[in-house]
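The lines below spell out each chain.
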Protein chains: 2
Amino acid sequence: MSARDLATRSCKDCTPGAERLEDAQAAELHLQIDAAWERAADQVIRRVFTFSNFREPFALATQIALLAESQGHHPDLEVSWGKLTVTFTTHHAGGLTESDFVMAAKIDAFAPT
Amino acid sequence: MSARDLATRSCKDCTPGAERLEDAQAAELHLQIDAAWERAADQVIRRVFTFSNFREPFALATQIALLAESQGHHPDLEVSWGKLTVTFTTHHAGGLTESDFVMAAKIDAFAPT
């Protein structure tokens with residue numbers, strides 16, 4: 001599956017009821033998203049965006065929040081002056097599911113590099 | 001100074017160049033804001049708002065972000081499903097200044113109780 005394929009999938013196709021990915025499956029999907037996404041403790045994926053004001057990280061958080069509502073899959077968003085941290089996990093699965101990577105790929109499609 | 005007075009002040013009056021508050025001064029201002037604000041390690045004030053969806057905490061974060069831009073004093077905002085955490089400190093002063101309490105009082109004026 002390419003990153004382009006991943007970004008075109010819908011989170012609604014894979015949650016609820018999605019099973020937590022095996023580590024090898026997560027590693028494979030991790031290769032399909034921007035290298036700036038870190039996978040931590042096999043539980044979450046996280047990307048940090050840096051800026052030189054408050055407006056731009058909040059604006060990006062807003063784009064992500066609207067996407068999250070439309071997909072029904074929500075990140076943790078931490079906004080501070082000059083920085084946005086986006087974290088995904090799937091709580092009901094107790095770790096990473098395909099939806100987390102689908103969201104990451106969708107964000108990669110509009111986020112600054 | 002009452003909470004009403006505090007909320008009507010402008011952060012622009014007190015930063016930049018504001019000095020870090022002495023602990024007794026911070027304690028006095030802390031009494032003027034909603035009791036839900038916690039003061040941690042004499043460095044920050046923090047309030048957690050809980051909800052039962054993602055939309056409402058993000059909407060409140062947006063109201064606070066717009067206020068922060070207008071005042072030129074910015075919090076850390078952490079949004080997740082059902083929760084918003086707002087944290088203020090004044091980095092250039094290395095701790096709490098009056099502006100942090102002014103922002104808290106302004107937020108109290110429109111935030112859900």
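What you see is a predicted model; the values in this text were computed from it and never measured.

So, how was this worked out
Residues numbered from 1 in each chain as written. Chains lettered and ligands numbered in written order. Predicted model: local features only at pLDDT ≥ 70, side-chain atom pairs only at ≥ 80, totals over all residues. Heavy atoms only, no water. Helix = DSSP H or I, 4+ residues; strand = E, 2+ residues; numbered from the N terminus. Buried < 20%, exposed > 50% of the residue type's maximum accessible area, 1.4 Å probe, protein only. Contact = heavy atoms within 4.5 Å. Buried area = accessible area lost by both parts, 1.4 Å probe. Salt bridge = Lys/Arg side-chain N within 4 Å of Asp/Glu carboxyl O. Nonpolar A, V, L, I, M, F, W, Y, C, P; charged D, E, K, R; others polar. Pairing = 2+ DSSP bridges.

Undergrad: Would you mind going over the environment of A:Val102 with me for this structure?
TA: Residues and elements named next belong to chain A. When you line up the elements, Val-102 lands in helix H4 (residues 98–108). Taking relative accessible area as the criterion, Val-102 reaches 0% and is therefore assigned buried. In this structure, the C-alpha to C-alpha distance between Val-102 and Gln-32, residues 70 residues apart in sequence, is 9.7 Å. If near-sequence neighbours (up to four positions away) are discounted, Val-102 is found in contact with Leu-6, Arg-9, Ser-10 and Cys-11.

Undergrad: Can you help me understand unusual backbone geometry in this one?
TA: In most cases, non-glycine residues show a negative phi, while peptide bonds are predominantly trans. Residue and element names in this part refer to chain B. Phi is positive for Ala-41, which is not a glycine, with a value near 55 degrees. The topology assignment puts Ala-41 in the loop between strand E1 (38–40) and strand E2 (44–50). When its relative accessible area of 67% is taken as the criterion, Ala-41 is described as exposed. Even without a glycine there, the phi angle at Asp-42 is positive, about 55 degrees.

Undergrad: Even after reading the chapter, I still don't get the interface of chain B and chain A, so can you show me in this structure?
TA: Often, the extent of an interface is quoted as the loss of accessible area on bringing the components together. Residue-level contacts link 15 residues of chain B with 15 residues of chain A. In this assembly, chain B packs against chain A so that about 1200 Å² is buried in total across both faces, 70% of it on carbon and sulfur atoms. Considering only the surface of chain B that becomes buried against chain A, B:Phe54, B:Phe58 and B:Leu77 emerge as the three largest contributors, covering 41% of it. For the pair chain B and chain A, the interface holds zero salt bridges. Mapped onto the side of chain B that touches chain A, the elements with two or more residues apiece are helix H3 (55–71) and strand E3 (76–80) of chain B. Partitioned by chemical class, the residues of the side of chain B that touches chain A number eight nonpolar, three polar and four charged. Relative to E3(B), strand E3 (residues 76–80) of chain A runs antiparallel, the two being bridged by three bridges. Bridging from a neighbouring strand, A:Val79 pairs with B:Leu77 of E3(B).

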